[in-house]
Amino acid sequence: MNHLPRASELGLIHCHVCGMVCCHVSPGEATCPRCGVVLRERKLASYARSWALLVAGFLFYIPANVLPIMRTASLGNVDDNTILSGVIELWVRGSPGLAIIVFTASILVPMTKFFVLAALLVSARHNSDWARPQRAKLYRLVEIMGYWSMLDVFIVALLATLVHFGIFSLVAPLPGVIFFGLTVVMTMLASTSFDPRMIWDDERQR
Amino acid sequence: MTDKQPRSIPEALPRPLVRHRRVDTWLIWLVPMMAAVVGVILLVHARLQSGPVITISFQSAEGLVEGKTPVKYKSVTIGKVDKIRLGTDREHVIVAVTLDKSASSFATTDTRFWIVRPRIGPSGISGITTLLSGAYIAADVGKSSKTRKRFKGLALPPAVTHGSRGRSFVLHAKDLGSLDVGAPVYYRHIKVGQVTSYQIDNDGSGVTLRIFVTSPNDRFVTDRTRFWNASGLDVSVGANGVKLKAQSLVTIVAGGVAFQGSPGGHKSAPARENAKFYLFADKSTAMRPLSGVPYYICLRFKQALRGLSVGAPVDFLGVEIGKVISIRLDYDGKTQNFPLLVNAVVYPRRLGQSNDKLVNLARVHGEKADFPHIMTRLVGRGLRAQARTGNLLTGKLYIALDFLSDVGKKYADPNVQPLEIPTVSGSFNKVQQQLAEIVSSVRKIPFARIGRHLDRVLVDVDVTLKHVDGSLLPQMQQTLKGAQSTLDSASQILASDSPLQQNLVATLSELRRAARSLSMLGNYLSVYPEALIRGRRSDPVLPVVPKAKPSRGSAR
């Protein structure tokens, strides 16, 4: 694109906490002379970490969907719902809006994260120069979405603590929600482990 | 990297502190590995948890939900309905059930499955919880260890589940009455069991019921136990008023069976499992001495028997020994009248020990000891059948077998089936006859002639009276007038101032004087008796006269 030099090319490194620019010394782990934070050119093992956490998140996502996440009991009518069955039930029972929200938060968002992160990782690995600004935007989207992934877990946690009316109404969390929570945590960690600068690496070589 | 030196970067850049530390980046892969391990564990766990898959066919899948309806045994969930589909015959519903691993022993041949729904039955209301939670499939496991995959669901919950301690018995009854599966069985008004099943006998002549009596109360069922249908209300009207009796509220609605040892208090052994009993219609019938072998008798009545109905009792000296089973009209060509043929069934055993004695006596005498022969001998001694009025209000008749003295000799033939017992007209009929005789003799009295005679007599009397009026009465008047005057003169005579009265008073005073002088004479004579002879002395001597004569003479 252009021939502007990169910081690494100039032997410089920048502290991402206090913003100090120092000499790049390799090998070894350098710490900022001003604030003492570890200085790294790129996030440590970003690629491997992202992949590993993403895979772990995906593995947890399977039981999160298969196992029921919440038990609702009203007047002796016990209902164990998985994420998908809950969505279907909401839709059938005439709350399509709620169904869409839950579907978005619990299925669409995690799946998007998986695909987006995987795609980002793969493309970063291959130093693809395909649609780099869009990929960067995608990454930011994933970061923002990450906050909302815990919606389900919060709903279950809130309901389980609030709805305790004996035989009339009872909500209890089931193991599925733990796995769902783990999935969310893993994907968030994966997305934070991903160093978006990798998108732009080797741009010059083109 | 180093081929282009930037110009604007100062040389004196601060140098970072360098530490040497090894970082193993592969450690991060432990996280997905852990996730994988958890996943595998879950998978294995699920695999280990799921037991055999069985199919149960039901009439209807009402209330069953795929993936939700549980299968329970003693309220513990042992499986879950997986799939519900229609059977190939389109009459049944095939329910696929995944049993838990721990419940794999339920996939055996004698396990029974049924759907628990809210039900109001003879044994109360059950399955209330399913009103809210929805139906579930209940299971009852047997003892078999032979595995099985296909089951046929029961239409109704089984009355007795496996493992219940007790014994079942077989009851025969004429009809089912209001009994149902689950109807309670009572012993002294305590529920000790229930009816488990019933079916019509193969020949259609009755109903066979199975009951189950729970332990330890099953020991009260002995070989001398009598069962009766305790359904509904037992209303009896007696001298003490109206009595209502029922085993329980349930029996009024749903019926029930009660049992009790037969009267007599004999030693008896507990009945075997599946022992057979007869289910009597009510307690009084059940407590009667056993009927034994029935015999049929035929009675030929000459008079009409209005009020005699089929089922009317047959009494032998007041003991009910049978009942009327048919009443038919016959025609006798010789006498040209319509005799009534009454057939009745009698149970000699109901005669109790008298029957035993009769039989023994007959054996001792070397005679035939069967009922017809005994009856025949009794007929020879004057036994007759008679239709009697059992109830004056309703006019219901019953057949009485009684020894009557003023009947001629008649004989029965013991070899004719059914045995014919000679009859006499009923007691009430006799009264009727006598009444009729009285009426006819009353009718023979010639009331008309008597009336005519009486009329004539009255006319004569009238004439006589007229005669009396015309001639007798004037004479009577005259006579009375005469009598009146007579009486008047008489009263004049008798009046105080009448001369007669005056004379009478004077006469009486004279008489008094005379009497006084007589007494003086007497006194004189008693002192001077010689005066009678010598006469009165000069002065003191009084004249002497005989005692009575001078007094009489002087009085005159």
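The rules behind the values
- Residues numbered from 1 in each chain as written.
- Chains lettered and ligands numbered in written order.
- Predicted model: local features only at pLDDT ≥ 70, side-chain atom pairs only at ≥ 80, totals over all residues.
- Heavy atoms only, no water.
- Helix = DSSP H or I, 4+ residues; strand = E, 2+ residues; numbered from the N terminus.
- Buried < 20%, exposed > 50% of the residue type's maximum accessible area, 1.4 Å probe, protein only.
- Contact = heavy atoms within 4.5 Å.
- Lys, Arg positive; Asp, Glu negative; His and termini not counted.
- Charge placed at Lys NZ, Arg CZ, Asp CG, Glu CD.
- Buried area = accessible area lost by both parts, 1.4 Å probe.
- Salt bridge = Lys/Arg side-chain N within 4 Å of Asp/Glu carboxyl O.
- Polar contact = N/O pair within 3.5 Å; in protein donor to acceptor, adjacent residues only side chain to side chain.
- Nonpolar A, V, L, I, M, F, W, Y, C, P; charged D, E, K, R; others polar.
- Pairing = 2+ DSSP bridges.
- Axes fitted to C-alpha atoms, helices over the stretch in contact; angles between N-to-C directions.
- Domains from an automatic or database assignment.
- Patch = residues over 30% accessible without salt bridge, like charges linked within 9 Å, V, L, I, M, F, W, Y side chains within 5 Å.
- Areas by Shrake-Rupley, 256 points an atom, 1.4 Å probe, with all protein chains shown as cover.
- Parallel < 35°, antiparallel > 145°, perpendicular 65-115°, else oblique.
- Left-handed = near helix turned anticlockwise from the far one by under 90°.

A. Structural context of the overall build of chain A. A count of helical and extended segments in chain A gives seven helices and eight strands. By principal-axis analysis of the C-alpha atoms, chain A measures approximately 70 × 35 × 25 Å. Out of the 206 residues in chain A, the part that is buried amounts to 42%. Across chain A, the fraction of contacts at a sequence separation of at least 24, relative to all contacts at a separation of at least 6, is 66%. Of the side-chain charges in chain A, 17 are positive and 13 negative, and the distance between the mean point of each set is 5 Å.

B. A look at the interface of chain B and chain A. Taken together, the contacts link 26 residues of chain B with 37 residues of chain A. Carbon and sulfur atoms make up 72% of the area that chain B and chain A hide from each other, which totals about 2,800 Å². Inspection of the region where chain B meets chain A yields zero salt bridges. The tally of links from chain B across to chain A stands at zero residue pairs in polar contact (both at pLDDT 80 or more). Those elements that provide at least two residues to the side of chain B that touches chain A are strand 1 (17–19), helix 1 (30–49) and helix 2 (130–133) of chain B. When residues in the side of chain B that touches chain A are grouped by element, the largest group, six residues, is from helix 1 of chain B. Of the residues contributing to the side of chain B that touches chain A, the split by class is 18 nonpolar, three polar and five charged. In terms of strand pairing, strand 3 (residues 29–31) of chain A meets strand 1 of chain B through three bridges, oriented antiparallel. Among the inter-strand pairings, Glu29 of chain A is bridged to a residue of strand 1 of chain B, identified as Arg19 of chain B.

C. Inspection of the sheet that holds strand 27 (residues 423–424) of chain B at higher detail. All names here are of chain B. Strand order in the open sheet formed by eight strands is 26-20-23-22-21-25-24-27, with mixed pairing between adjacent strands. Of all strands in the sheet, those bounded by a partner on one side alone are strand 26 (419–421) and strand 27. Bridge count for strand 21 (residues 313–316) against strand 25 (residues 396–403) is three bridges, and the pairing is parallel. Paired with Val314 across the two strands is Ile399, which belongs to strand 25. Contacts from helix 6 (residues 371–380) reach strand 20 (295–301), strand 21, strand 23 (340–346), strand 24 (383–391), strand 25 and strand 26, with the element oriented near 20° to strand 26.

D. Seen up close, the domain arrangement of chain B. As far as domains go, chain B holds domain 1 (49–152), domain 2 (166–287), domain 3 (295–439) and domain 4 (499–555). Each of domain 2 of chain B and domain 3 of chain B has a C-alpha centre, and the two are 34 Å apart.

E. Region of the structure containing the pairing of strand 6 (residues 112–116) of chain B. All names here are of chain B. The element strand 6 is extensively covered by neighbouring structure, given that four of its five residues are classed as buried. Two strands pair when backbone bridges link them, and strand 6 and strand 9 (residues 136–140) are joined in this way by five bridges, in the antiparallel orientation. From the neighbouring strand, Arg112 faces strand 9, where its bridge partner is Asp140.

F. Spatial organisation of the sheet that holds strand 5 (residues 70–74) of chain A. Residue and element names in this part refer to chain A. Taken together, the four strands give an open sheet; going across it, the order is 6-5-8-7, and neighbouring strands pair in antiparallel fashion. A single partner strand is all that each edge strand has here, and the edge strands are strand 6 (77–81) and strand 7 (164–165). Where strand 5 lies against strand 8 (residues 169–173), four bridges are found, and the strand directions are antiparallel. Its bridge partner lying in strand 8, Ala73 is registered against Leu170.

G. Structural detail: the environment of Leu383 of chain B. Residue and element names in this part refer to chain B. With respect to the helices and strands, the residue Leu383 is situated in strand 24. In sequence terms Leu383 and Val424 are 41 residues apart; their C-alpha atoms lie 9.9 Å from each other. Once you skip the residues sitting within four places of it in the chain, Leu383 turns out to touch Phe316, Met375, Leu378, Leu401, Asp402, Phe403, Ile421 and Pro422.

H. View of the side chain of Arg132 of chain A. Note on placement: Arg132 of chain A falls in helix 4 (residues 132–148). A polar contact of 2.8 Å, which involves the side chain of Arg132 of chain A, links it to the backbone oxygen of Ile199 of chain A.

I. Layout of the pattern of salt bridges. Residues and elements named next belong to chain B. This structure, assessed with the given rule, holds nine salt bridges over all chains. Where Arg300 meets Glu420, a salt bridge forms, and the shortest distance between an N and an O atom there is 3.6 Å. Residue Arg300 is located in strand 20, and its partner Glu420 is located in strand 26; the two are separated by 120 residues in the primary sequence. According to the relative accessible area criterion, Glu420 is partly exposed, its value standing at 34%.

J. Representation of a nonpolar patch on the surface. Nonpolar side chains collect at one region of the surface, where Leu75, Phe165, Ile167 and Phe168 of chain A together with Ile120, Ile125, Ile128, Leu131 and Leu132 of chain B lie side by side and expose about 1,000 Å² of accessible area between them. Looking at where Leu75 of chain A falls in the secondary structure, it is placed in the loop between strand 5 and strand 6. Under the relative-accessibility criterion, Leu75 of chain A is labelled partly exposed at 36%.

K. Region of the structure containing a positive patch on the surface. A contiguous patch of positive charge, built from Arg188, Lys243, Lys245 and Lys283 of chain B, is present on the exposed surface. Among the secondary structure elements, Lys283 of chain B is positioned in helix 4 (residues 283–287).

L. Spotlight on the packing of helix 2 (residues 83–92) of chain A against helix 3 (residues 96–125) of chain A. Residue and element names in this part refer to chain A. At their nearest, the axes of helix 2 and helix 3 sit 7 Å apart, and the two run at 160° to each other. Regarding the angle of helix 2 to helix 3, the classification is roughly antiparallel. Handedness of the helix 2/helix 3 crossing: left-handed. Contacts from Ile83, Leu84, Val87, Leu90 and Trp91 in helix 2 reach Pro96, Leu98, Ala99, Ile100, Val102, Phe103, Ser106 and Ile107 in helix 3. Residues of the contact of helix 2 with helix 3, tallied by class, amount to twelve nonpolar, one polar and no charged.

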